[in-house]
Amino acid sequence: MRNSLQLWFPQMVRALVTVLSLCSFAHAGEVVQEELELKVNGVTRKALVFRETGTSLERSPTLFVLHGGTPEPKRIIDDSRLDAVGTTRGYVVVFPEGTWSDHMGKAAAWNIGGLPGLVTQYAEDLEFFDALADQLKPTSLFFTGISTGGGMAAVAGNEMEHKVDAVALVVG
């Protein structure tokens, strides 16, 4: 029997492919992966960034993909393949890393509130996203996520409404 994560990812990919297809055209270049590190309120935060060669890291449509309560963004990258789907349509695809929480067995989590023990209470996730967006200067900004990442995407869409164009949740 497939686990619930495997059942939700195809739905997320289909929804995002539809949204991205309406917003852009297909490319056929090589995908470049970069790691960004930003210091936010004294804490070093990381994000993996994917783009096609020829696509500017700045001033491009950008998709932030937020993982659930997993040790790192690698699982959502592997399962969703949004790095490939988004970049072939001219998007910069960003996989930010949550902050580490001992409450979840050393997993990265998001500060979405309302889930005691499941999130890092003092994480400055919105400030982190804001700093990433300021550095990338996207022409349009989209968020998606699964599980606690979906919850955080909803929070970001609400709290950063001046920068976020759309949010697509898998579950959150």
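What comes next concerns the included structure. (Residues numbered from 1 in each chain as written. Predicted model: local features only at pLDDT ≥ 70, side-chain atom pairs only at ≥ 80, totals over all residues. Heavy atoms only, no water.)

Within this structure, the stated rule accounts for seven aromatic pairs. Aromatic side chains F64 and F129 sit 6.1 Å apart centroid to centroid with 70° between the ring planes, which places their arrangement in the edge-to-face category. With a gap of 65 residues between them, F64 in strand β3 (residues 62-66) and F129 in helix α4 (residues 125-136) connect regions that are remote in the sequence. By relative accessible area, which is 0% here, F129 ends up buried. (Phe/Tyr/Trp six-rings, centres within 6.5 Å; stacked < 30°, edge-to-face > 60°. Helix = DSSP H or I, 4+ residues; strand = E, 2+ residues; numbered from the N terminus. Buried < 20%, exposed > 50% of the residue type's maximum accessible area, 1.4 Å probe, protein only.)

Moving on, we come to the pairing of strand β2 (residues 43-52). Strand residues, when the strand is regular, have side chains that alternate between the two faces of the sheet. Counting buried positions along β2 gives seven out of ten residues, so the element sits mostly inside the fold. With ten bridges joining them, strand β1 (residues 31-40) and β2 adopt antiparallel strand pairing. Among the inter-strand pairings, V40 is bridged to a residue of β2, identified as V43. Two successive antiparallel strands, β1 and β2, enclose a turn made up of two residues, where N41 displays a positive phi of approximately 50°. (Pairing = 2+ DSSP bridges.)

Tracing the sequence through the fold places R45 in strand β2. The contact partners of R45, leaving out residues within four places of it in the chain, are L36, E37, L38, V40, E97, G98, T99, W110, E124, D125 and F128. (Contact = heavy atoms within 4.5 Å.)

Enumeration according to the criterion identifies six salt bridges in this entry. Two residues, E34 and R51, come together in a salt bridge whose shortest N-O distance is 2.7 Å. Residue E34 is located in strand β1, and its partner R51 is located in strand β2; the two are separated by 17 residues in the primary sequence. Take R51: its relative accessible area is 18%, and that puts it in the buried class. The partner of K163 in a salt bridge is D130, with the nearest N and O atoms 2.5 Å apart. Taken together, the positions of K163 in the loop between α5 (148-159) and β8 (166-171) and D130 in helix α4 put the pair 33 residues apart, joining distant regions of the chain. Judged by relative accessible area, which is 23%, K163 ranks as partly exposed. Overlapping salt bridges, with partners in common, bring together D130, D134 and K163 in one network. (Salt bridge = Lys/Arg side-chain N within 4 Å of Asp/Glu carboxyl O.)

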